[in-house]
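Below, each chain spelled out in residue letters.
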Amino acid sequence: MLRIAAETWDGRPALHQPAGRGAYRTWSWRQYLETARQVAAALRAAGVRKGDIVGLASETRAEFYLADLGVMSAGAVSAALYTSLPPAEQVKTLAACRPRLVFVDQPRALRALQEAGLAGLDVPAVLLAGEDSSAVSFSEFLESGARALEADPELVERIQEEISPSDPAILYLTSGATGEPKMGLVSHNAILANCECGPPVLPLGEGDSTLAFLPSAHITQRLVVELLMVRMGVQVYFSEGLSKMPAEMRSVKPTFFVAPPRVWERIYSSITTEIRKKPAAVRKLFYLGLGVGSEAARARAQGREPSAWVKASLKFFDRAVFSKIRERLGGRLKVAASGAAPLGRELAEFFSAIGLPLIEGYGLTEGGVVILNPLGNPRPGSIGKPLPGVEVRLSEEGELLLRGEMVFSGYYNDPQATAAVLRDGWLYTGDLAEIDSDGYVWITGRKKEVIVSSNGKKIFPAKVEALFKVEPLVNQVMLLGDRMPYVTALFTIHPEAAAAMGLVPPGTGLAEASQSPKVEEEMKRIVARVNRQLAPFEQIRKFRILDREFSIESGEMTPTMKLRRGKVIANLKDIISELYMGREEFE
């Protein structure tokens, strides 16, 4: 796939790695291919053979892409780590998959891994950036590959003749939201089959660009923002981090951007917080425009033409208000996608109203990226329709099942876990879903995360939690109530939003803001507003605002920012016990 890209786009730019002060180091498609070939040859010279695992402990950067494609070109299996995990956890993962070599992104990360036990694994390390006496630098590694190719120009071609479509190419570490992380093997054929789903549904090509920032251990980043971009010839710019992203969006002006709901929530919160600071006339103009935009979006979703008045009004509001918001995201986005976690319906409707419909999709480590909303007719709240080559159906329990060439081969060294999810050719996803008469799929919850109250009523926390995503004050929310008489919730808040709303003085920290009586009163109003949208048995009767966020460090969040509900319950059992003492606060 990379060779075809190099033959097609040759010297045109492919990868752009930040080099400081707004400058980039750029690799062309031809250089991308040649560097991957050098990596493959260097790996073979270092004793890495077909089927061996190679670790990648790196942030998402151009050199990760070069190493990743090189590992797969060598017939080895590429295993990326979640670098947001503590170094000891990363070393534990490396020990479990026994790599022959590991790429590390920089000296500081290498030292942290060595202190956590990497040195004891006796695995040679290659640094993707910088130098350290205990590792080979990337430039030295590429030189060894260049020498091997000079001595044997057909080396990589011979290596690739050994590889068959069913051989493993990637070992994914799943993030383990509902238990211990597992490792999933994905074949060359599965990757290619999944990449072939892209061209029929995404209008992208050599004139397009994207901004990469998600962790490369995650399938959304790895498959969509890395491998699919090779298939479609899209330029990739790499972000220096979330704090730099607003400026990068304006300078890079991407046409394609994939982000999890947490990023879209932050963008929404930032927009609405700023609007609250504006004079009354500006606020009125914005909300009036939002109403017009919502009506136009609703009409399109229902397959009808908006009225002449709505169309005329929308032109004005788009020019006066919404175009300025879109400019903050570069002004050129033609595909804005949300993935990696469920997107709240109200959040989707907001972006649709401002002329930037979020295209929600669905994928999982074990199944690939398999469902996407049609660009011309997205339905907020739905994950869309199956991509070409993907079959879906529901089990008797309402669990979403998938079938297709892009489904994974199984869990690494775990036939029992593999047999539990791969049955009769179908992948059991663990997600509960509904499929409407037009073929759109709607996720209703996780099979393992259903709350069953003491009176036997079933509550799907994801559905209720999604209703809070349009509240600027709310940062995180977790529903409670399994085997309990009523539903309660834990919240974390945005102190900046609290300050913008006049609830606390500017600059107030999270711990102090969470104790504010005004914040408590506002949260009561928010909960009451959400409760009105719920059945009586789903309604939140008590809540607590925490003085800290749920975090990866505390074990309460996965590296992909999914809640580990069991860990939260274990960590906060005293607070949770208090929620079920005394009388209910919301009758």
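Above this text sits the structure in question.
Described below are features of the structure shown in this document. (Residues numbered from 1 in each chain as written. Predicted model: local features only at pLDDT ≥ 70, side-chain atom pairs only at ≥ 80, totals over all residues. Heavy atoms only, no water.)

**Some words on the overall build of the chain**
Here comes step 1: Along the backbone of the chain there are 21 helices and 27 strands.
Here comes step 2: Reported as C-alpha extents along the three principal axes, the dimensions of the chain are approximately 75 × 55 × 50 Å.
Here comes step 3: Looking at the chain as a whole, 56% of its 587 residues are labelled buried.
Here comes step 4: By sequence separation, contacts in the chain at least 24 residues apart represent 66% of the contacts at least 6 residues apart.
Here comes step 5: Approximately 25,400 Å² of the chain is accessible, and the part contributed by carbon and sulfur atoms is 52%.
Here comes step 6: Charged side chains in the chain number 70 positive and 69 negative. The centres of these two groups are separated by 6 Å. (Helix = DSSP H or I, 4+ residues; strand = E, 2+ residues; numbered from the N terminus. Buried < 20%, exposed > 50% of the residue type's maximum accessible area, 1.4 Å probe, protein only. Contact = heavy atoms within 4.5 Å. Areas by Shrake-Rupley, 256 points an atom, 1.4 Å probe, with all protein chains shown as cover. Lys, Arg positive; Asp, Glu negative; His and termini not counted. Charge placed at Lys NZ, Arg CZ, Asp CG, Glu CD.)

**Section: unusual backbone geometry**
Glycine aside, a negative phi is what most residues show, and trans is what most peptide bonds show.
Here comes step 1: One non-glycine residue, aspartate 10, lies in positive phi territory at about 45 degrees.
Here comes step 2: Turning to its location among the elements, aspartate 10 is positioned in the loop between helix H1 (2-9) and strand S1 (13-20).
Here comes step 3: Under the relative-accessibility criterion, aspartate 10 is labelled partly exposed at 38%.
Here comes step 4: Unusually for a residue other than glycine, lysine 253 sits at a positive phi of about 55 degrees.
Here comes step 5: Structurally, lysine 253 can be placed in the loop between helix H10 (245-252) and strand S12 (256-259).
Here comes step 6: Relative accessible area serves as the criterion here: at 35%, lysine 253 is assigned to the partly exposed category.

**Things to note about the environment of proline 342**
Here comes step 1: Inspection of the secondary structure assignment puts proline 342 in the loop between strand S13 (335-338) and helix H14 (345-353).
Here comes step 2: Of the residues examined, proline 342 reaches a relative accessible area of 47% and is grouped as partly exposed.
Here comes step 3: As for proline 342 and tyrosine 268, which are separated by 74 residues in sequence, their C-alpha atoms are 16 Å apart.
Here comes step 4: With sequence-adjacent residues up to four places away left out, proline 342 is seen in contact with Pro261, Glu360 and Lys469.

**What about the side chain of aspartate 68?**
Here comes step 1: Considering the arrangement of structural elements, one finds aspartate 68 in helix H3 (residues 62-73).
Here comes step 2: Relative accessible area serves as the criterion here: at 0%, aspartate 68 is assigned to the buried category.
Here comes step 3: At a separation of 2.5 Å, a polar atom in the side chain of aspartate 68 contacts the side chain of serine 78.
Here comes step 4: Within the local environment of aspartate 68, its side chain forms a polar contact with the side chain of arginine 222, the two groups lying 2.8 Å apart. (Polar contact = N/O pair within 3.5 Å; in protein donor to acceptor, adjacent residues only side chain to side chain.)

**Some words on the side chain of arginine 326**
Here comes step 1: Positionally, arginine 326 belongs in helix H13 (residues 308-327).
Here comes step 2: A polar contact is formed between the side chain of arginine 326 and the side chain of aspartate 318, at a distance of 2.8 Å.
Here comes step 3: The residues contacting arginine 326, other than those within four sequence positions of it, are Asp318, Gly331, Ile354, Gly355 and Leu356.

**Here's the deal with the packing of aromatic side chains**
Note on aromatic pairs: each is described by the distance of the centres and the angle between the planes.
Here comes step 1: By the definition in use, this model includes 17 aromatic pairs.
Here comes step 2: The interplanar angle of 45 degrees and the centroid separation of 5.6 Å between the aromatic rings of tryptophan 9 and tryptophan 29 together place this pair among those described as tilted. Of the two residues, tryptophan 9 sits in helix H1 while tryptophan 29 sits in helix H2 (residues 29-45), which places them 20 residues apart along the sequence.
Here comes step 3: Residue classification places tryptophan 29 among the buried residues on the basis of a relative accessible area of 2%.
Here comes step 4: Between phenylalanine 257 and tryptophan 264, the ring centres sit 5.8 Å apart and the planes meet at 80 degrees, which makes this aromatic pair edge-to-face.
Here comes step 5: Between lysine 182 and the ring centre of tyrosine 411, over which it is positioned, the NZ or CZ distance is 5.5 Å.
Here comes step 6: Between arginine 423 and the ring centre of tyrosine 428, over which it is positioned, the NZ or CZ distance is 3.7 Å. (Phe/Tyr/Trp six-rings, centres within 6.5 Å; stacked < 30°, edge-to-face > 60°. Lys NZ or Arg CZ within 6 Å of the ring centre and 35° of its normal.)

**Comments concerning the nonpolar core**
Here comes step 1: Ranked by size, the top nonpolar core spans 116 residues in total, and within it Leu15, Tyr32, Leu43 and Phe103 carry the most contacts.
Here comes step 2: With residues near it in sequence (within four places) discarded, leucine 15 still touches Arg25, Thr26, Trp27, Tyr32, Ala62, Tyr65, Leu66, Val236 and Phe238. (Core = buried A, V, L, I, M, F, W, Y, C linked by side-chain atoms within 4.5 Å.)

**Examining the pairing of strand S27 (residues 540-545)**
One face of the sheet, then the other: side chains in a regular strand alternate in exactly this way.
Here comes step 1: Of all the six residues making up S27, five are buried; the element is thus mostly covered by neighbouring parts of the structure.
Here comes step 2: Here five bridges tie strand S26 (residues 487-493) to S27, and the two strands are oriented parallel to one another. Residue pairing in the sheet places threonine 488 in a bridge with lysine 542 of S27. (Pairing = 2+ DSSP bridges.)

**Quick notes on the environment of lysine 92**
Here comes step 1: When you line up the elements, lysine 92 lands in helix H4 (residues 87-97).
Here comes step 2: A relative accessible area of 51% means that lysine 92 is categorised as exposed.
Here comes step 3: Taking C-alpha positions, lysine 92 is 39 Å from glutamine 515, a pair spaced 423 residues apart along the chain.

**Considerations on the packing of helix H12 (residues 280-301) against H14**
Here comes step 1: Relative to each other, H12 and H14 sit at 100 degrees, their axes nearing to 8 Å. In this view, H12 runs roughly perpendicular relative to H14, as classed from their interaxial angle. Facing Phe286, Leu290, Gly293, Ser294, Ala297 and Arg300 of H12, the residues of H14 in contact are Phe350, Ser352 and Ala353. (Axes fitted to C-alpha atoms, helices over the stretch in contact; angles between N-to-C directions. Parallel < 35°, antiparallel > 145°, perpendicular 65-115°, else oblique.)

**Describing the pattern of salt bridges**
Here comes step 1: Tallied over the entire structure, the rule returns 31 salt bridges.
Here comes step 2: Here arginine 100 makes a salt bridge to aspartate 52, at a shortest N to O gap of 3.2 Å. With arginine 100 in the loop between H4 and strand S5 (101-104) and aspartate 52 in the loop between H2 and strand S3 (53-57), this pair connects stretches of sequence that are 48 residues apart.
Here comes step 3: Overall, the relative accessible area of 39% leaves arginine 100 in the partly exposed class.
Here comes step 4: Residue glutamate 240 pairs with lysine 244 through a salt bridge whose shortest N-O separation is 3.8 Å.
Here comes step 5: Connected via shared salt-bridge partners are Glu34, Arg37 and Glu157. (Salt bridge = Lys/Arg side-chain N within 4 Å of Asp/Glu carboxyl O.)

**Quick notes on the pairing of strand S17 (residues 391-394)**
Here comes step 1: Sheet topology note: the S17/strand S18 (residues 399-403) ladder contains four bridges and is antiparallel. Paired with glutamate 391 across the two strands is arginine 403, which belongs to S18.
Here comes step 2: Where S17 folds back on S18, the antiparallel hairpin that results is connected by four residues, among which glycine 398 adopts a positive phi of roughly 90 degrees.

**Topic: helix H5 (residues 107-115)**
Here comes step 1: Pro107, Leu110 and Leu113 are the residues of H5 that are buried. Buried residues along H5 cover an arc of 125 degrees about the axis, so they all sit on one side. Of the exposed residues in H5, those oriented more than 90 degrees away from the buried face are Arg108 and Glu115.
Here comes step 2: Buried-residue contacts for H5 involve S3, H4, S5 and strand S6 (125-127).
Here comes step 3: Among the residues trailing H5, glycine 117 stands out with phi positive, at a value near 120 degrees. (Arc of directions from axis to C-beta.)

**Quick notes on helix H8 (residues 188-195)**
Here comes step 1: Of all eight residues in H8, six are buried, a share of seventy percent or more.
Here comes step 2: Every buried residue of H8 is accounted for by His188, Ala190, Ile191, Ala193, Asn194 and Cys195.

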